[in-house]
Amino acid sequence: TRIRPSSKRCAVIGGSGFLGRHLVERLVEKGYSVAVFDIAQRYDIPGVTFHQGDLCDKQALLKILKDVSLVFHCASPSPACDDRALFWKVNVEGTRTVLQACQEAGVQKLVLTSSASVVFEGTDIKNGKEDLPYAKKPIDYYTETKIHQEKIVLQACSKEKDFLTVAIRPHGIFGPRDPQLVPILVDTARKGKMKFIIGDGTNLVDFTYVENVVHGHILAAEHLKADSPLCGKAYHITNDEPIRF
Ligand code: NAD
């Protein structure tokens, strides 16, 4: 018989990133023991073990997943890189490798950070629910691969195999140490390049505070059980109110 890994032992793939680090910090506060797996190590926290590696490398993943029961997958190439081959390699093929490694290692739950853009096709969505279909014409390569990634993760959910999955779909994420969104907006504004309005100035866009995104991930993980409706589902996540631009 296989000894079940402790339920408080988890791994965060992409744990060196903006969202990943916030997630790691909160998990530590909540008493989880955390292993970070990332191509880069960017910080040090007592009690957190770091493993530098590429998620496309199954052997490297297997080394850290041995005694882990819960995996958060929040790694992705930056959407700004627009490198189709890299997105496919990491988000699609790499995610398949993550799923295989998790199942071989006896991991019981995986929470994927997906994206609300998987249902966006360029036309306005207000109060969109999870029953919206995937975009047939995704707006970029990043989104195209996030759709494939989410599908393969949710399809892998299997009560029989004792491996449960769920996906969280934030849109824009903001908060401390945000490397992209707000700094780029502020920089563009400072350079005087924001003197145009798209639409009539009443457009809405959805941003979620990073701690709320983290909270959503941990709630999903803790409620993901064989008899729960979360199994194999994707959830949009937001703050109470959209931000008016
Ligand atoms: P980030 O770039 O700060 O973090 C991503 C991390 O993944 C980085 O630390 C990077 O080193 C790591 N990584 C990249 N390729 C890897 C590989 N091959 N193997 C191992 N690690 C690898 O990005 P973020 O903003 O923290 O985004 C985290 C997740 O949230 C991503 O899946 C992204 O698609 C999703 N997301 C982000 C936003 C946002 O506004 N930031 C919005 C919606 C969805």
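This structure is a prediction, so every number in the text was calculated from the model and none was measured. (Residues numbered from 1 in each chain as written. Predicted model: local features only at pLDDT ≥ 70, side-chain atom pairs only at ≥ 80, totals over all residues. Heavy atoms only, no water.)

*Asks:* How should the site of the ligand be read in this particular structure?
*Replies:* Surrounding the ligand, one finds 24 residues, the nearest of these being Leu19, Asp38, Tyr142, Lys146 and His171. Within the backbone of Phe18, an N or O atom sits 2.8 Å from an oxygen atom of the ligand. In this structure, Asp38 approaches the ligand through a side-chain N or O atom, which is 2.6 Å from an oxygen atom. Those elements that place two or more of their residues in the shell around the ligand are α1 (18–29), α4 (141–155) and β7 (172–174). Per-class residue counts for the shell around the ligand are 10 nonpolar, 10 polar and 4 charged. (Near = heavy atom within 4 Å. Polar contact = N/O pair within 3.5 Å; in protein donor to acceptor, adjacent residues only side chain to side chain. Helix = DSSP H or I, 4+ residues; strand = E, 2+ residues; numbered from the N terminus. Nonpolar A, V, L, I, M, F, W, Y, C, P; charged D, E, K, R; others polar.)

*Asks:* Teacher, can you tell me more about the sheet that holds strand β4 (residues 70–73) here?
*Replies:* Strands pair in a sheet through their backbones, by hydrogen bonds, and they do so in one of two ways: parallel or antiparallel. The parallel open sheet is built from 7 strands, whose spatial order is β3-β2-β1-β4-β5-β6-β10. Each end of this open sheet is capped by a strand with a single partner; those strands are β3 (48–52) and β10 (233–236). In this sheet, adjacent strand axes meet at a mean angle of 20 degrees when their direction is disregarded. Against the sheet, helix α2 (residues 58–65) touches β1 (9–13), β2 (33–38), β3 and β4, its axis set at about 170 degrees to β2. Each of β4, β5 (109–113) and β6 (164–169) is contacted by helix α6 (residues 210–223), which is oriented at about 155 degrees to β5, the strand it contacts most. (Pairing = 2+ DSSP bridges. Axes fitted to C-alpha atoms, helices over the stretch in contact; angles between N-to-C directions. Contact = heavy atoms within 4.5 Å.)

*Asks:* Looking at this model, I keep getting lost on the packing of helix α3 (residues 84–105) against α4. Mind explaining?
*Replies:* Between two packed helices, what matters for the description is the angle formed by their axes and the separation of those axes. Running from N to C, α3 and α4 cross one another at 10 degrees; their axes reach a closest spacing of 9 Å. Here α4 runs roughly parallel to α3, going by the angle between their axes. Each of Arg84, Phe87, Trp88, Asn91, Val92, Thr95, Arg96 and Leu99 in α3 lies in contact with α4, whose residues at this interface are Tyr141, Tyr142, Glu144, Thr145, Lys146, His148, Gln149, Ile152 and Val153. Taken together, the residues that form the contact of α3 with α4 break down as 8 nonpolar, 5 polar and 4 charged. (Parallel < 35°, antiparallel > 145°, perpendicular 65-115°, else oblique.)

*Asks:* It is not clear to me how the side chain of Glu150 should be interpreted in this structure. Could you clarify?
*Replies:* Inspection of the secondary structure puts Glu150 in helix α4. Under the relative-accessibility criterion, Glu150 is labelled buried at 0%. With residues near it in sequence (within four places) discarded, Glu150 still touches Leu112, Ser114, Val118, Tyr134, Ala167, Arg169 and Ala234. (Buried < 20%, exposed > 50% of the residue type's maximum accessible area, 1.4 Å probe, protein only.)

*Asks:* Explain the packing of aromatic side chains to me, please; I cannot follow it from the model alone.
*Replies:* Given two aromatic rings, their pairing is described by the distance between the two centres and the angle made by the two planes. Overall, the coordinates contain 3 aromatic pairs when judged by the stated rule. Pairing Tyr43 with Phe50 gives two aromatic rings, centres 5.0 Å apart and planes at 85 degrees, and the pair type is edge-to-face. The same class applies to Tyr43 as to Phe50, namely buried. Ring plane angle 55 degrees and centroid distance 5.5 Å describe the contact between Phe174 and Tyr209, whose orientation is recorded as tilted. Of this pair, Phe174 sits in strand β7 while Tyr209 sits in strand β9 (residues 207–209); the two residues are 35 residues apart in sequence, bridging distant segments of the chain. (Phe/Tyr/Trp six-rings, centres within 6.5 Å; stacked < 30°, edge-to-face > 60°.)

*Asks:* Can you help me understand the nonpolar core in this one?
*Replies:* For soluble globular proteins, nonpolar side chains are generally found buried alongside one another. Formed by 33 residues in total, the largest nonpolar core has its most connected members in Val12, Leu23, Val24, Leu27, Val34 and Phe72. Where this core is concerned, the elements lending two or more residues are β1, α1, β2, β3, β4, β6 and α6. When residues in this core are grouped by element, the largest group, 6 residues, is from α6. When near neighbours in sequence (up to four residues on either side) are disregarded, Leu27 contacts Cys10, Val12, Tyr32, Val34, Phe72 and Ile218. Grouped together as the second largest cluster of nonpolar side chains are 29 residues, Leu65, Val90, Cys102 and Leu154 included. (Core = buried A, V, L, I, M, F, W, Y, C linked by side-chain atoms within 4.5 Å.)

*Asks:* Please clarify how the pattern of salt bridges should be interpreted in this entry.
*Replies:* A side chain of one charge can pair with a side chain of the opposite charge if their charged atoms are brought near each other. If you walk through the whole model with that rule in mind, you get 11 salt bridges. Between Arg177 and Glu25 there is a salt bridge, with its nearest N and O atoms 3.2 Å apart. Of this pair, Arg177 sits in the loop between β7 and α5 (181–190) while Glu25 sits in helix α1; the two residues are 152 residues apart in sequence, bridging distant segments of the chain. A relative accessible area of 24% places Glu25 in the partly exposed class. (Salt bridge = Lys/Arg side-chain N within 4 Å of Asp/Glu carboxyl O.)

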